[in-house]
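Notes for the structure review
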Amino acid sequence: MSFLYPAFLYGLFALAIPVIIHLFHFRKAKKVYFSNTRFLQSVKKVSQAKLRFRHLLVLFARLLFILFLVLTFAQPYLPSAAGIRKAGLVDIYLDNSYSLSNRVAEDLSGLDAAVQLAQELVNSYPQGTRFRLLTNDFNTAAQYYTSAETIADRLTEVQFSGVNRSLPEVLNRLEILPMEEENAQREVFILSDFQEHHWFREAEPELDTLTQISLLPIEFEQAGNLHVDTVYLDQPVIFSASDNTIHVVLANEGMKAVEDVPVSLSVSGQQVANSTVSIPAKGQANLSFQLNFPLQPFTPATLSFQDFPLTFDNTFHFVIQQASKVKVLEITDEPGETAISKVYADTSYFLFESSHPGNLNVGAVSSADLVVVNGLSSLGESLGAALRDFESSGGSILFISAEEGMPDAVGLLAGNLALEEVQLPEAVRVSPVPLEHPFFQDIFEETDEPFNMPKARPVVSWQGNSEELLELQSGHPFLSRQKQLYLLASPMEEEFTNFHQHALFVPVMYKVAFNSLQLSNKLYHTTDDNLIRLQLAEAEGDKVYKLKRKEQEIIPNQRLNDRMLQLELPSYVIEPGYYQLLMDDEVVYQLAFNHSKQESKLDQLRIEKIEEEVSEIPQMEVIKDIDLDNIRASVEEKFEGEALWKWTLLLALLALLAEVLLIRFLK
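Heads up: these notes are all about the structure in this document. (Residues numbered from 1 in each chain as written. Predicted model: local features only at pLDDT ≥ 70, side-chain atom pairs only at ≥ 80, totals over all residues. Heavy atoms only, no water.)

The next thing to look at is the overall build of the protein chain. When you go through the protein chain residue by residue, the secondary structure sums to 13 helices and 36 strands. Taking all 667 residues of the protein chain together, the buried fraction comes to 48%. Long-range pairs, those at least 24 residues apart, make up 73% of the contacts in the protein chain with a sequence separation of at least 6. (Helix = DSSP H or I, 4+ residues; strand = E, 2+ residues; numbered from the N terminus. Buried < 20%, exposed > 50% of the residue type's maximum accessible area, 1.4 Å probe, protein only. Contact = heavy atoms within 4.5 Å.)

Printed below as a string of structure tokens:
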């Protein structure tokens with residue numbers, strides 16, 4: 001047994017007062033004269049014995065009253081099984097991720113239960129204890145210890161956060177201490193739902209031996225939830241709405257199958273399509289919507305459905321980016337009307353420029369999407385360097401052989417390809433198109449009827465690690481690809497090939513151009529993405545870009561390399577929805593953010609698994625069996641121990657009652 005206020009035990013010295021009164025209480029004898037006292041001798045002896053016994057009982061009752069009264073003020077208690085130490089510094093981590101919106105009881109969310117539990121923990125400590133409250137936002141205010149009253153105010157302000165944290169992240173953050181508290185003894189309480197997918201995802205941190213860590217799992221009634229797993233397009237390059245499809249993958253995290261869930265698609269705030277889906281337990285289902293509606297350069301779209309009690313992920317945002325015109329730069333000794341200039345003449349899809357290598361502005365190479373080196377037998381030093389930089393940054397290059405063959409620099413750009421000259425006496429027909437190759441899968445609408453292939457007489461061949469897109473019947477490669485580098489074995493002249501006059505030429509050249517678009521931009525991001533890279537159609541290095549959503553404006557750390565903009569986002573302030581990327585108040589891009597899909601996976605670690613994970617960490621323990629329907633009583637039992645002052649007060653009153661009864665009825 002222990003005492004909350006042991007100083008009151010000095011009051012036990014008061015037990016001497018009734019004893020002293022009992023021993024030294026002398027009353028003056030009163031003489032009564034009788035004619036004959038012989039018959040009173042026996043009566044006197046009996047009365048004195050009864051009176052002494054009565055006095056002893058009253059003395060015992062008074063001693064018990066004083067004893068139990070002093071114990072009541074000292075507040076005795078039986079220490080809890082958790083064995084929590086009453087340190088002067090207490091850290092409380094409260095997981096406020098959206099998964100805590102699940103129910104732990106009727107009309108009680110996990111976050112509400114965690115807040116109540118944290119408040120009761122604070123109340124269980126004596127005055128003078130200082131606290132820190134840490135949430136998933138890792139706010140700088142959590143760096144310093146403060147009073148219980150301040151923590152109580154902060155607990156009322158806790159809201160859901162789109163960021164989730166692992167146990168090592170939390171403990172490493174809690175190890176950041178004010179200088180004056182670095183060697184102090186601390187107690188740490190971790191209140192979380194302990195999601196299975198991420199809680200122990202990193203290496204264990206080094207823990208201070210002076211720190212006692214208690215894990216308090218918040219357990220849900222059920223772990224079922226529907227959410228969008230993935231959204232993607234058939235074709236990432238969109239020029240029109242009639243030839244593309246939106247694919248949606250929905251996931252069911254529950255143990256029961258769901259039937260005929262309505263799913264709606266809204267575009268620019270207008271509902272454009274509906275569908276229903278059935279998803280097996282712990283499974284996924286696919287939906288598709290045709291892009292048969294008009295598109296803007298950046299078209300916001302929203303998927304929505306109904307799922308209770310978790311509603312935070314019932315809406316999913318994404319942005320459909322309409323492709324910008326492909327910038328094609330032709331470098332040739334004879335600029336003018338070439339086969340390349342004709343095929344890329346459609347200004348609704350392409351921005352075409354042709355230049356002689358002697359008049360070329362080298363800066364034009366880096367701003368292009370596709371560079372066509374047409375019929376050059378050699379590259380100058382500056383052009384070769386520009387092409388190497390362009391290729392290393394992900395740009396696409398098409399080399400069309402000259403009569404003399406490929407420039408030597410092509411071998412360097414093509415990596416492990418070994419180039420060699422070829423001399424065939426006559427043109428050879430190109431082998432049938434390999435329709436199973438991904439390059440050709442979306443080119444032909446009808447593929448049942450065969451057609452004559454073009455002919456070609458190659459002047460160069462190569463061997464090595466490359467994809468053969470078109471091959472000659474002689475076994476020589478005709479059109480090959482290595483990453484974003486394309487090689488064509490014949491000059492674009494009639495005496496060497498009729499490929500540029502064939503029906504196959506236009507779709508192949510279009511596909512090469514469309515593939516050159518560096519559409520690395522995602523349809524959507526998550527609120528905990530700290531680093532985002534965007535490929536912009538136009539970019540100016542001396543401008544400042546900012547994100548705007550309603551009244552919220554963010555100027556993130558940023559770096560621009562050519563047209564690739566890198567943004568470092570403060571993840572704790574990003575909310576689900578749409579953000580405009582502004583440059584000089586002009587919208588240059590639009591971003592969509594959603595909750596991380598990991599947050600929608602509600603499977604919790606079992607208590608036994610948590611205990612197993614922390615079993616080798618001596619200063620860490622799991623506090624279980626917290627009754628979330630009666631949090632106050634659970635905290636008192638687990639952390640304050642079993643309070644006995646009510647019993648000692650009752651015994652003190654019983655002792656006082658016994659004294660009154662003895663005096664009243666024992667004559």
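There is more to say, and it comes next.
Moving on to the pairing of strand 12 (residues 270–279). Sheet topology places strand 11 (residues 258–267) next to strand 12; 8 bridges connect them, and they run antiparallel. Across the sheet, residue Leu265 finds its bridge partner in strand 12, namely Ala273. The antiparallel pairing of strand 11 with strand 12 creates a hairpin that spans 2 residues between the two strands, and Ser268 there sits at a positive phi of about 55°. (Pairing = 2+ DSSP bridges.)

Moving on, we get to the packing of helix 3 (residues 110–123) against helix 4 (residues 148–156). Remark: helix 3 packs on helix 4, axes separated minimally by 10 Å, with the N-to-C direction vectors making an angle of 175°. By the angle class used here, helix 3 and helix 4 are roughly antiparallel. Counting all contacts with helix 3, which are made through Val115, Ala118, Gln119 and Val122, the residues of helix 4 involved are Ala148, Ile151, Ala152 and Leu155. When grouped by side-chain class, the residues that make up the contact of helix 3 with helix 4 number 7 nonpolar, 1 polar and no charged. (Axes fitted to C-alpha atoms, helices over the stretch in contact; angles between N-to-C directions. Parallel < 35°, antiparallel > 145°, perpendicular 65-115°, else oblique. Nonpolar A, V, L, I, M, F, W, Y, C, P; charged D, E, K, R; others polar.)

Turning next to the packing of aromatic side chains. Counted according to the given criterion, the structure contains 18 aromatic pairs. With 6.3 Å between their ring centres and 70° between their planes, Tyr349 and Tyr510 make a pair best called edge-to-face. Here the residue Tyr349 occupies a position in the loop between helix 6 (339–343) and strand 17 (350–355), and Tyr510 occupies one in helix 10 (residues 505–516), the gap between them amounting to 161 residues. Taking relative accessible area as the criterion, Tyr349 reaches 28% and is therefore assigned partly exposed. An angle of 75° between the planes, with centres 5.8 Å apart, marks the rings of Tyr510 and Phe514 as edge-to-face. (Phe/Tyr/Trp six-rings, centres within 6.5 Å; stacked < 30°, edge-to-face > 60°.)

Now for a nonpolar patch on the surface. A cluster of nonpolar side chains, namely Trp647, Leu650, Leu651, Leu654, Leu657, Leu661 and Phe665, defines an oily patch on the protein surface of about 720 Å² accessible area. Locating Trp647 in the fold gives a position in helix 13 (residues 645–665). (Patch = residues over 30% accessible without salt bridge, like charges linked within 9 Å, V, L, I, M, F, W, Y side chains within 5 Å. Areas by Shrake-Rupley, 256 points an atom, 1.4 Å probe, with all protein chains shown as cover. Salt bridge = Lys/Arg side-chain N within 4 Å of Asp/Glu carboxyl O.)

Here we come to the nonpolar core. In this structure, Val231, Ile246, Val248, Leu265, Leu303, Phe318 and Leu581 are the most contacted members of the largest nonpolar core, which totals 47 residues. If sequence neighbours within four positions are ignored, Val231 has contacts with Ile246, His247, Val248, Leu303, Phe316, Phe318, Leu523 and Tyr524. (Core = buried A, V, L, I, M, F, W, Y, C linked by side-chain atoms within 4.5 Å.)

A cluster of like negative charges, contributed by Asp333, Glu334, Glu403, Glu404, Glu493 and Glu495, occupies part of the molecular surface. Within the fold, Glu334 resides in the loop between strand 16 (326–332) and helix 6. (Lys, Arg positive; Asp, Glu negative; His and termini not counted. Charge placed at Lys NZ, Arg CZ, Asp CG, Glu CD.)

The next thing to look at is the pattern of salt bridges. Evaluation of the coordinates by the stated rule reveals 16 salt bridges. When the shortest N-O distance is used, the salt bridge between Glu659 and Arg62 registers 2.5 Å. With Glu659 in helix 13 and Arg62 in helix 2 (residues 41–74), the pair connects residues that are 597 residues apart, well separated along the chain. Note that Glu337 is salt-bridged to Lys342, the shortest N-O span being 3.5 Å. On the basis of relative accessible area, Glu337 is assigned to the exposed category, the value being 68%. Assessed through its relative accessible area of 53%, Lys342 is described here as exposed. One salt-bridge network, in which partners are shared between bridges, spans Asp91, Arg132, Glu175 and Arg186.

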